[in-house]
Every structure is written in structure tokens, then in C-alpha cells.
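Below, each chain spelled out in residue letters.
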Amino acid sequence: PFGQIQAESPSLASKLLISEIKLGDGAELTFPDGSKSREFVTLYNQSSETISLSGWSLEYVKLDFSPSNCSIASWPDTSATRNLSGSIAPGNSITVKRALNDGADGSLRLIDGAKIVHDLVGWGVTSPCYETSRTVTPPDGSGKSLQRYLDCDNQIPADTNINSQDFLLSSLPQTFVDNCPIDN
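Residues numbered from 1 in each chain as written. Predicted model: local features only at pLDDT ≥ 70, side-chain atom pairs only at ≥ 80, totals over all residues. Heavy atoms only, no water.

Asker: Would you mind going over the environment of S107 with me for this structure?
Answerer: Following the sequence through the fold, S107 ends up in strand β10 (residues 106–111). On a C-alpha basis, the gap between S107 and C70 in space is 9.3 Å, while along the polypeptide they are 37 residues apart. (Helix = DSSP H or I, 4+ residues; strand = E, 2+ residues; numbered from the N terminus.)

Take a look at the structure:
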């Protein structure tokens, strides 16, 4: 189906991933500027170089979006866009406030200035766009977020391009979930 697409991996910038998506319920997170939000997206730089976010954006769509539009460069006006700025140092993350207004099923993609999709996450059974298969929607009122698993072999966030395998529900805000066995 059209909704099943794969993010491209063109360069160093492809090492920039969505590592957590927190929908609008539960505890608030306090940001460095003192503002608070129940909704946020965390991006993680798994490269060895600083990545400038100039020209990058996060785009979100809900159910009223046609899956046939998932792979086009510019999503229609039904999407909400959050332009990014600043930079992310190697091995670090940044958390971006967002306003999606509800915890409904949806899709979020990370794109650069050339409209190349670097990451895409679709959650819920009716999410229009996703990588291979959708991940779950956090239950309303649960305060849980979608967090990326850790690739135990490489000690970096997993990116198999299968949303249902890369993300799980978690109650603790963090960059990724350390699901690796402890070495004895």
C-alpha cells in the first residue's frame, strides 16, 4: 500500500532520527527556556559530526490524509509543520515542543531542506504513512510515549525501517529504550 514507505538514507544527515514522540497527556516536560509542554519530539544524532537543522522540519498528519500522498515531497495543507533550527552535536539529542492537539493515530516525518525524508513514524491502526508497519498509539491518559529501541550490537538507536519493531510504549522520557541484556 501507498502508506508503507521507507525513509531515504542519503548521507551523514540520515543519521538523524526521531527517537521519541510524546503525545498530549501525562506529565509536562520543562524546556531550557522555562516553558512546559506535554507534547514533544526528541531527535537523536547518531553520526560522528554535528548536524545543522537549518532548513529541516517535522511534518505531522492525522487520519484525514490520503496514503497516496505519503511519498510526495510536500504534504498538503492538512499537515502541521514545525520548522527546526540550531544544531545537534554527535551522540546528542534535542527535544522539540510540538502541538498536535490530541493523541489520535498519525504520522510524523523528519525532512531536510531538499524535502528528503530522513525518518518517518506512523502510530495507530489508521495511521496514513509509516515505515513497513505501524507502531501502537499510546492509550489516552496514560502519559506514555513512543520510544525507539536500542540496537544492542552497535549501541545506537535501532532503525530497521519497521516502525512496529523500532518503537515501544514507555512511561519514562528518554532518548531511547535500553533493551539490551546486561553483560556479566
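Alright, that's what it looks like, and here's the rest.
Asker: Sorry if this is basic, but what is going on with the side chain of D112 here?
Answerer: Position of D112 among the secondary structure elements: in the loop between β10 and β11 (117–123). Notably, D112 is buried but unbridged: the nearest opposite-charge side chain belongs to K115, and the N-O separation is 8.3 Å. Here the side chain of D112 touches H118 through a polar contact of 2.8 Å, side chain to side chain. Here D112 is in contact with G55, W56 and H118, once residues within four sequence places are set aside. (Buried < 20%, exposed > 50% of the residue type's maximum accessible area, 1.4 Å probe, protein only. Lys, Arg positive; Asp, Glu negative; His and termini not counted. Salt bridge = Lys/Arg side-chain N within 4 Å of Asp/Glu carboxyl O. Polar contact = N/O pair within 3.5 Å; in protein donor to acceptor, adjacent residues only side chain to side chain. Contact = heavy atoms within 4.5 Å.)

Asker: In this structure, what is going on with the pairing of β10? I would like to understand it.
Answerer: Where a strand is regular, its side chains alternate between the two sheet faces. Judged by how many residues are buried, β10 sits mostly within the fold: 6 of 6 residues are covered. Burial along β10 is two-sided: the residues G106, L108 and L110 and S107, R109 and I111 are all buried. With 5 bridges connecting them, strand β6 (residues 57–61) and β10 associate as antiparallel partners. Following the sheet pairing, V61 is matched in β10 by S107. When β10 meets β11, the two strands line up antiparallel, connected through 6 bridges. Within β11, the position partnered with G106 by the bridge is W123. The hairpin formed by β10 and β11 contains 5 residues between the paired strands, and K115 there has a positive phi angle of roughly 65°. (Pairing = 2+ DSSP bridges.)

Asker: Would you take a moment to explain the sheet that holds strand β1 (residues 16–22) for this structure?
Answerer: Sheets are built from strands that pair by backbone hydrogen bonding, the pairs being arranged parallel or antiparallel. The strand order across the open sheet built from 5 strands is β9-β4-β1-β12-β15, with neighbouring strands paired in antiparallel fashion. Pairing within the sheet leaves two strands with one partner each, and these edge strands are β9 (93–97) and β15 (167–170). This sheet shows a mean twist of 30° between the axes of neighbouring strands, independent of strand direction. As paired elements, strand β12 (residues 145–148) and β15 share 4 bridges and run antiparallel to each other. Paired with S145 across the two strands is S170, which belongs to β15. (Axes fitted to C-alpha atoms, helices over the stretch in contact; angles between N-to-C directions.)

Asker: Please explain the pattern of salt bridges as it appears in this structure.
Answerer: Once the charged atoms of two side chains with opposite charge are near each other, the side chains can pair. Scanning the model with the defined rule gives 4 salt bridges in all. Between E59 and R109 there is a salt bridge whose closest N-O contact spans 2.7 Å. Pair noted here: E59 is in strand β6 and R109 is in strand β10, with a separation of 50 residues, a long-range link. Judged by its relative accessible area of 4%, E59 falls in the buried class.

Asker: Where do I start with the side chain of Q46 in this structure?
Answerer: If you trace the backbone, Q46 turns up in the loop between β4 (40–45) and β5 (51–52). What Q46 contacts, discounting residues up to four positions off in sequence, is K15, L17, I156 and P157.

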